[in-house]
Amino acid sequence: MNNLKEKAAGVTDGTYVILGASGNTGSIIASFLLSKGEKVRVLGRDAGRLQRFVRKGAEAFTGDVGDAVALAKAFRGARAAYLLLPPITSRENQERESDAIAKAVKESGLPYAVYLSSYGAQVPEGTGPVTGLHSSEQKLNAIGGLNVLHLRAAYFMENNLAAISMIQGMGIFGHALLPDLKQPMIATRDVGDYAAQRLLDLDFSGKQTRELLGERDLSMAEATTIIARGIGKPDLRYVQFPYDQMQQAFEQMGMPPKKAAVYIEMFKAMNTGVLAAQEPRSRENTTPTSFEKFVQDVFTPAYHGKAVTA
């Protein structure tokens, strides 16, 4: 497969473009590629947040993911790119952003991309934010000449950080997910590590998918027990909220009703098994960070108000 990378290098300037470079996964990818001496162009809306990569030798490119013209300029001549959609604000915005990314990829002639998707993205509708990832995968798959690897990552362990204020204020961990439903959970740093290595190797061709299923499947009840142990609150318990109560909780946190409803749709899809992993667990799709390690390194420091750096 090395000839693929050599072929890409022959028609490009060797640059890697990283969308969301200041985020959980993009920051790891950018830092890894820079450590390997690669040329890296980091893209984000806030130039200040990109400076830490500039200090390591990266080129900063300020732009919006919804701006196809700016993206095409960033992609032109690049060897490969790491692509993702920003956190959802609405399904309409998701479609606008994925349209812009696909248009820019096509117009720039980008040869390789690793795209951050989600497990369950094979389902065309009814999965909340994941519906937009399905749509985006299809748009990228329609681009002739693009070699793309869709990383269908499991439920992010970091999603559980949203419960900190509830644990501190109410003494419970409440969520809409079934307490005993086992699901794959992954640390975002493992997604970043995997994506970075595949970008460096460029060992894929055509249109491919790879599920990343974390270290093991966990239920919310099990996750709560591990959190309780990590933060020194052995009596912490998990409470399943009705969907309407979860919607209200989101809105009280300042989330617009339409955005909250999209997340509720995803939780329903998870609870009913519509949103589920397709690949049997294997060495290739299992990642190293356990939930215990995540709680120790990330959740507990965040709970106690200590900054965690990538």
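One structure accompanies this document, and this report is about it. (Residues numbered from 1 in each chain as written. Predicted model: local features only at pLDDT ≥ 70, side-chain atom pairs only at ≥ 80, totals over all residues. Heavy atoms only, no water.)

**Comments concerning the overall build of the protein**
(1) Moving on: Within the protein one finds 12 helices and 12 strands.
(2) Moving on: Over its C-alpha trace the protein gives a radius of gyration of 19 Å, about what one expects of a compact globule, namely 19 Å for 310 residues.
(3) Moving on: If one aligns the C-alpha atoms of the protein with their principal axes, the spans along those axes are about 60 × 40 × 35 Å.
(4) Moving on: Within the protein, the fraction of its 310 residues that count as buried is 53%. (Helix = DSSP H or I, 4+ residues; strand = E, 2+ residues; numbered from the N terminus. Rg over C-alpha atoms; globule rule 2.2 N^0.38 Å. Buried < 20%, exposed > 50% of the residue type's maximum accessible area, 1.4 Å probe, protein only.)

**Description of the environment of leucine 161**
(1) Moving on: Tracing the backbone through its elements, the reader meets leucine 161 in the loop between β7 (155–156) and α7 (164–170).
(2) Moving on: Its relative accessible area of 26% is what places leucine 161 among the partly exposed residues.

**Structural notes on the packing of helix α10 (residues 243–252) against helix α11 (residues 257–271)**
When two helices pack together, you describe them by how their axes are tilted relative to each other and by the distance separating the axes.
(1) Moving on: Across the interface, α10 lies against α11 with an axial gap of 9 Å and an inter-helix angle of 140 degrees. Crossing hand, α10 versus α11: right-handed. Together, Tyr243, Met246, Gln247, Phe250 and Glu251 of α10 and Pro257, Ala260, Ala261, Tyr263, Ile264, Phe267, Lys268 and Asn271 of α11 make up the contact between the two elements.
(2) Moving on: Residues belonging to the contact of α10 with α11 are distributed by class as follows: 9 nonpolar, 2 polar and 2 charged. (Axes fitted to C-alpha atoms, helices over the stretch in contact; angles between N-to-C directions. Left-handed = near helix turned anticlockwise from the far one by under 90°. Contact = heavy atoms within 4.5 Å. Nonpolar A, V, L, I, M, F, W, Y, C, P; charged D, E, K, R; others polar.)

**Things to note about the packing of aromatic side chains**
(1) Moving on: For the structure shown, the criterion picks out 5 aromatic pairs.
(2) Moving on: Every member of this aromatic cluster is reached through a ring pair, and the members are Phe250, Tyr263 and Phe267.
(3) Moving on: Above the plane of the ring of tyrosine 243 lies lysine 268, whose end atom (NZ or CZ) is 5.2 Å from the centre. (Phe/Tyr/Trp six-rings, centres within 6.5 Å; stacked < 30°, edge-to-face > 60°. Lys NZ or Arg CZ within 6 Å of the ring centre and 35° of its normal.)

**Examining the environment of arginine 79**
(1) Moving on: Among the structural elements, arginine 79 can be located in the loop between α4 (68–75) and β4 (80–83).
(2) Moving on: Residue class for arginine 79 comes out buried when judged on its relative accessible area of 10%.
(3) Moving on: On a C-alpha basis, the gap between arginine 79 and aspartate 13 in space is 6.6 Å, while along the polypeptide they are 66 residues apart.
(4) Moving on: Polar contacts involving the side chain of arginine 79 include one to the side chain of glutamate 38, which spans 3.5 Å. (Polar contact = N/O pair within 3.5 Å; in protein donor to acceptor, adjacent residues only side chain to side chain.)

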